[in-house]
Amino acid sequence: MKNIVVLVSGGGTNLQALIDAQNRGEISNGKITCVISSNPNAYALTRAANNGIETAVIRRGDFNEFSLYDEALTKLVQSKNADLVVLAGFMTILGKGFISAYENKIINIHPALIPSFCGEGYYGLRVHEEALKKGVKVTGATAHFVNEICDGGPIILQKAVEVKFGDTPEVLQKRVMEQAEWKILPRAVALFCDDKIKVNGNITEILD
Ligand code: GAR
């Protein structure tokens, strides 16, 4: 059984999708043991508490230097014996120390089809605003491993979602979450826990 630590910053609908999948028995070889938030007021913390999951808060602003924050986050996650770290709407940049401690063991969900609408500055609603500005007809979500390149790690799963004429960023965000994020993130986590993701450089093979 793999210990899953989920990092959050906001509403936590992706965390909820993971909890629901776990409760349905779809993550048979993993268990969410701790939820860590960068924001003490994140509703994601309430979702975790409602499901009896341990929580912790670590704020970048409480550390003078980024390297001290990186070290503290790494130690905190290590103290929870994480086998897998999931970024479910985690809005704080990760440091080199943390990323190298968990190589190919950090899964992020990004609300677009990487390599479109990704990289520095592309997070949350901003991603959908840019997709609408560009006029793309298809967008989606990507579950990927995290490496030192922002949104550049090996892609695990992607799912396309239709963009409709007249969509607002909020409407598109909701459709992408419902049709893509809440499906592929739990699936990617289940595959990881079943040891069914083989990584070779930047390419993954799903052994399913
Ligand atoms: C989600 O749409 C997630 O893909 C996005 O933030 C939202 C968090 O929602 N993440 C990023 O943009 C990361 N670059 P949630 O708190 O309800 O899961």
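Residues numbered from 1 in each chain as written. Predicted model: local features only at pLDDT ≥ 70, side-chain atom pairs only at ≥ 80, totals over all residues. Heavy atoms only, no water.

1. Considering the site of the ligand
Okay, so step 1: Residues in close proximity to the ligand total 15 residues, the closest being G12, T13, N14, G124 and E181.
Okay, so step 2: Between the ligand and the protein, one listed contact pairs an oxygen atom with a side-chain N or O atom of N14 at 2.9 Å.
Okay, so step 3: At 2.8 Å from an oxygen atom of the ligand is found a main-chain nitrogen or oxygen belonging to G124.
Okay, so step 4: Relative to its free-state accessible area of 450 Å², the ligand is covered by the protein chains to the extent of 92%.
Okay, so step 5: Mapped onto the shell around the ligand, the elements with two or more residues apiece are helix 1 (13-23), strand 5 (106-110) and helix 6 (169-193).
Okay, so step 6: Classifying every residue of the shell around the ligand by side-chain character gives 6 nonpolar, 8 polar and 1 charged. (Near = heavy atom within 4 Å. Polar contact = N/O pair within 3.5 Å; in protein donor to acceptor, adjacent residues only side chain to side chain. Areas by Shrake-Rupley, 256 points an atom, 1.4 Å probe, with all protein chains shown as cover. Helix = DSSP H or I, 4+ residues; strand = E, 2+ residues; numbered from the N terminus. Nonpolar A, V, L, I, M, F, W, Y, C, P; charged D, E, K, R; others polar.)

2. A word on the pattern of salt bridges
Okay, so step 1: Summed over all chains, the structure comprises 10 salt bridges.
Okay, so step 2: Where R59 meets D62, a salt bridge forms, and the shortest distance between an N and an O atom there is 3.4 Å.
Okay, so step 3: According to the relative accessible area criterion, R59 is partly exposed, its value standing at 38%.
Okay, so step 4: Where salt bridges share partners, they join R126, E130 and K133 into one cluster. (Salt bridge = Lys/Arg side-chain N within 4 Å of Asp/Glu carboxyl O. Buried < 20%, exposed > 50% of the residue type's maximum accessible area, 1.4 Å probe, protein only.)

3. Considerations on the packing of aromatic side chains
Okay, so step 1: Taken as a whole and judged by the stated rule, the model has 4 aromatic pairs.
Okay, so step 2: Plain terms: the ring middles of F63 and Y69 are 5.9 Å apart, the flat faces sit at 65° to each other, and that makes the pair edge-to-face.
Okay, so step 3: When the ring of F98 is compared with that of Y102, the centres are 5.3 Å apart and the planes differ by 40°; the resulting orientation is tilted. For the pair F98 and Y102, a shared accessibility class is recorded, and that class is buried.
Okay, so step 4: These aromatic residues form a ring-pair network of at least three members: F63, F66 and Y69.
Okay, so step 5: The ring of Y122 is capped by R126, whose NZ or CZ atom sits 4.8 Å from the centre of that ring. (Phe/Tyr/Trp six-rings, centres within 6.5 Å; stacked < 30°, edge-to-face > 60°. Lys NZ or Arg CZ within 6 Å of the ring centre and 35° of its normal.)

4. Some points on the nonpolar core
Okay, so step 1: Core analysis: the largest hydrophobic core is formed by 38 residues, its most contacted members being I4, V6 and V189.
Okay, so step 2: A total of 11 residues in this core trace back to one element, the largest contributor, which is helix 6.
Okay, so step 3: Once residues lying within four places of it in the same chain are set aside, the contact partners of I4 are I27, G30, K31, I32, T33, C34, L84, V86, V189 and C193.
Okay, so step 4: Among the nonpolar cores identified, the runner-up in size contains 20 residues, and V5, L7, I99 and I106 belong to it. (Core = buried A, V, L, I, M, F, W, Y, C linked by side-chain atoms within 4.5 Å. Contact = heavy atoms within 4.5 Å.)

5. Quick word on the packing of helix 1 against helix 6
Okay, so step 1: With their axes 9 Å apart at the nearest point, helix 1 and helix 6 run at an angle of 55° to one another. Here helix 6 runs oblique to helix 1, going by the angle between their axes. Judged by the sense of rotation from one axis to the other, the crossing of helix 1 with helix 6 is right-handed. Judged by residue contacts, T13, N14, A17, L18 and A21 of helix 1 engage M177, E181, W182, L185, P186 and V189 from helix 6.
Okay, so step 2: Here the contact of helix 1 with helix 6 is built from residues that sort into 8 nonpolar, 2 polar and 1 charged. (Axes fitted to C-alpha atoms, helices over the stretch in contact; angles between N-to-C directions. Parallel < 35°, antiparallel > 145°, perpendicular 65-115°, else oblique. Left-handed = near helix turned anticlockwise from the far one by under 90°.)

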